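Listed here are the chains, written in short residue letters.
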Amino acid sequence: MVLNVGLGPAGSATAAVFRKAAAAAVRAVGPARTVRLDLALTENTDVPVADRVRAVAEGARLALYRYDTFRSAQALPPPVEVRVTGGSPDALAEALVTAEGICLARDLVNSPAGALTPTAFAHRIQTVAAEAGLSCVVYGGEDLARLRLAGLAAVSRGSTEPARYVELTHEPAEAPALTVALVGKGVTFDSGGLSLKPSGELHTMKADMGGAAAVLGALVALPRLGLPIRVHAHLPLAENMPDGGAIRVGDVVRHLNGTTTEITHTDNEGRVILADVLLRASRPGQTDLVLDVATLTSAAVHALGTRTGALFSPDDALADLVGRAAERAGESLWRLPLLEHERRHLRSTVADRVNCSHRHGDTVQAALYLSEFLTPGTLWAHLDIAAPAWNDEPPYGVVPHGATGFGVRTLLETLRALAASAPALA
Ligand code: MN
Ligand code: MN
């Protein structure tokens, strides 16, 4: 059987279009078939050959993704096999490495929260870090008090599952032109805590570690992509539950920099665990810039719909660079403003700020809240991926139902672009 897949008007196809077309081709084939994609690429587009090869191979691999860990063997449909031939071997290898990172992120986000506790998540990170050649340190127990990660400790108090904090480092073979810190929110299950979520909102809350999964997915790919960038990953992992030890509404958390947050809503836990970690990631001399990725606010879903992430940065050049990277990655990101006048909603009557104002515009307020926890002068961008980390609808493009792996490609494209522009930034 031969499939013809349309790419739109001649010359208009971008890398994202090639990626989607390959996925559509693979999806159109039934189970137990072998798909051969021969990359006899012609020169009728502006997209460089290597980028097209990467996009097609990624799209094909990603369309094959299934999460079968908890299905019995007899319930499994027979697999589809894809063989990609042609194109440059380097571009093919890069595509497969990237797809592997994305599939890892999807597996983690699809994992039931009972199976992927903070402890289990940290173990999994250690395993994949060792395989990928990343250095990895896991902190837990009294380390959290010693590192003064007060928000992480506070949020995890209501769970019988102890919190973990993981730091990963990718050290490039050649002298790094730039050091980047990636911070990922890793709430393995978000019940809302004492400010309990309505039951209808709980079924996707195992996905509240999608930011940490995306950062990890990008990190494991890095050693094989050969970018001259040192990357530190900072992953706070916790479960937000409402037991007798849980943080109360009205309690105050004292952060790493001595400032305080009044907890006015325990379901706004993400920004609280990220606060100290952003301070730690941006310590003087540690990094040239910080990018955080978090399934942070349901307001982001209201603002932009279910397929688009929100991008914030006070720096136009960095926002532009990340926005273009997302475009090449075929991931939908839209920049939102850090509206200074919204900061008034963070005011507290007892502490330096609240973590929830119960006002409209929570996506902006959450970003403003995070902005208070960066060492002054730090270049920073924030990705709120609460919407696109999970797809409740049927598959579309390279995106399956369930966990999407959103963010991995954008992070890798961002790092590629930073590597290319490092002298300008430094
Ligand atoms: Mn929450
Ligand atoms: Mn959350």
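Computed from a prediction, not measured in an experiment: that's the story for all the values here. (Residues numbered from 1 in each chain as written. Chains lettered and ligands numbered in written order. Predicted model: local features only at pLDDT ≥ 70, side-chain atom pairs only at ≥ 80, totals over all residues. Heavy atoms only, no water.)

Q: Outline the coordination of the manganese ion (ligand 2), supporting the account with residue identities and numerical values.
A: Lys185 (NZ), Asp190 (OD), Asp208 (OD) and Glu269 (OE) make up the full set of protein donors to the manganese ion (ligand 2), lying at 2.0 to 2.4 Å. Counting gaps between the donor residues of the manganese ion (ligand 2) yields the pattern K-x4-D-x17-D-x60-E. The metal-metal distance between the manganese ion (ligand 2) and the manganese ion (ligand 1) is 3.0 Å, with Asp190 serving as a donor to both. With Asp190 in strand β6 (residues 186–190) and Glu269 in helix α8 (residues 269–281), this pair connects stretches of sequence that are 79 residues apart. (Donors = N, O, S within 2.8 Å, 3.2 Å for Na, K, Ca; no water. Helix = DSSP H or I, 4+ residues; strand = E, 2+ residues; numbered from the N terminus.)

Q: Kindly report on the domain arrangement of the protein chain, identifying the contributing residues and their values.
A: Under the domain assignment used here, the protein chain contains domain 1 (15–87) and domain 2 (100–425). Between domain 1 and domain 2, the C-alpha centre-to-centre distance is 29 Å. Each side of the interface is counted separately: domain 1 has 14 residues, and domain 2 has 21 residues. Contact between domain 1 and domain 2 buries roughly 1,400 Å² in total, counting both sides, with carbon and sulfur atoms accounting for 60%. For the domain 1 face of the interface with domain 2, the top three residues by lost area are Leu62, Tyr65 and Tyr67, together amounting to 43%. Ionic pairing is found between Arg54 and Glu413, a salt bridge with its closest N-O pair at 3.3 Å. Run the count over domain 1 and domain 2 and you get nine residue pairs in polar contact (both at pLDDT 80 or more). Among the secondary structure elements, those contributing two or more residues to the side of domain 1 that touches domain 2 are α1 (15–28) and α2 (49–63). Counting residues per element, the side of domain 1 that touches domain 2 draws most heavily on α1, which supplies six residues. (Domains from an automatic or database assignment. Contact = heavy atoms within 4.5 Å. Buried area = accessible area lost by both parts, 1.4 Å probe. Salt bridge = Lys/Arg side-chain N within 4 Å of Asp/Glu carboxyl O. Polar contact = N/O pair within 3.5 Å; in protein donor to acceptor, adjacent residues only side chain to side chain.)

Q: Go over the pairing of strand β11 (residues 309–312) with me, naming the residues and quoting the values.
A: What you see with β11 is no split at all: Gly309 and Leu311 on one side and Ala310 and Phe312 on the other are buried throughout. Relative to strand β12 (residues 333–335), β11 is paired through three bridges, and the arrangement is parallel. Bridged to Leu311 within β12 is Arg335. Handedness of the crossover is the feature at issue here: the chain leaves β11, passes through helix α10 (residues 316–329), returns alongside β12, and the resulting connection is right-handed. With three bridges joining them, β11 and strand β14 (residues 379–384) adopt antiparallel strand pairing. The residue bridging Ala310 from the neighbouring strand is Asp384, located in β14. (Buried < 20%, exposed > 50% of the residue type's maximum accessible area, 1.4 Å probe, protein only. Pairing = 2+ DSSP bridges. Right-handed = clockwise from strand over helix to strand, strands pointing away.)

Q: Requested: an account of the packing of α1 against α2, with residues and values cited.
A: To describe two helices that pack against each other, one gives the angle between their axes and the distance between the axes. It is the contact of α1 with α2, at a shortest axis distance of 7 Å, that shows an interaxial angle of 35 degrees. As for how α1 packs across α2, the hand of that crossing is right-handed. Contact with α1, carried on its side by Ala15, Phe18, Arg19, Ala22, Ala23, Val26 and Arg27, involves Arg52, Ala55, Val56, Glu58, Gly59, Ala60 and Ala63 of α2 and no other residues of that element. Tallied by class, the residues present in the contact of α1 with α2 amount to nine nonpolar, one polar and four charged. (Axes fitted to C-alpha atoms, helices over the stretch in contact; angles between N-to-C directions. Left-handed = near helix turned anticlockwise from the far one by under 90°. Nonpolar A, V, L, I, M, F, W, Y, C, P; charged D, E, K, R; others polar.)

Q: Explain the packing of aromatic side chains residue by residue, including any values.
A: Applying the stated criterion across every chain, the model contains three aromatic pairs. When the ring of Tyr139 is compared with that of Tyr165, the centres are 5.7 Å apart and the planes differ by 25 degrees; the resulting orientation is stacked. Here Tyr139 is found in strand β3 (residues 135–140), whereas its partner Tyr165 is found in strand β4 (residues 164–170), with 26 residues between them in sequence. By relative accessible area, which is 0% here, Tyr165 ends up buried. Ring centres 5.1 Å apart and planes at 40 degrees place the aromatic pair Tyr369 and Phe373 in the tilted group. Overall, Phe373 belongs to the buried group, its relative accessible area being 0%. Between Arg106 and the ring centre of Tyr65, over which it is positioned, the NZ or CZ distance is 5.3 Å. Over the face of the ring belonging to Tyr369 we find Arg353, whose NZ or CZ atom lies 5.9 Å from the ring centre. (Phe/Tyr/Trp six-rings, centres within 6.5 Å; stacked < 30°, edge-to-face > 60°. Lys NZ or Arg CZ within 6 Å of the ring centre and 35° of its normal.)

Q: Explain the pairing of strand β7 (residues 229–240) to me, using residue names and the numbers behind them.
A: Note on strand geometry: in a regular strand, side chains alternate between the two faces of the sheet. A large share of β7 lies buried, amounting to eleven of its twelve residues. Note that β4 and β7 share seven bridges and pair antiparallel. Residue pairing for β7: His170 is matched across the bridge by Val231. Note: strand β5 (residues 178–184) against β7, six bridges, orientation parallel. Counterpart to Ala181 in the pairing with β7 is His232.

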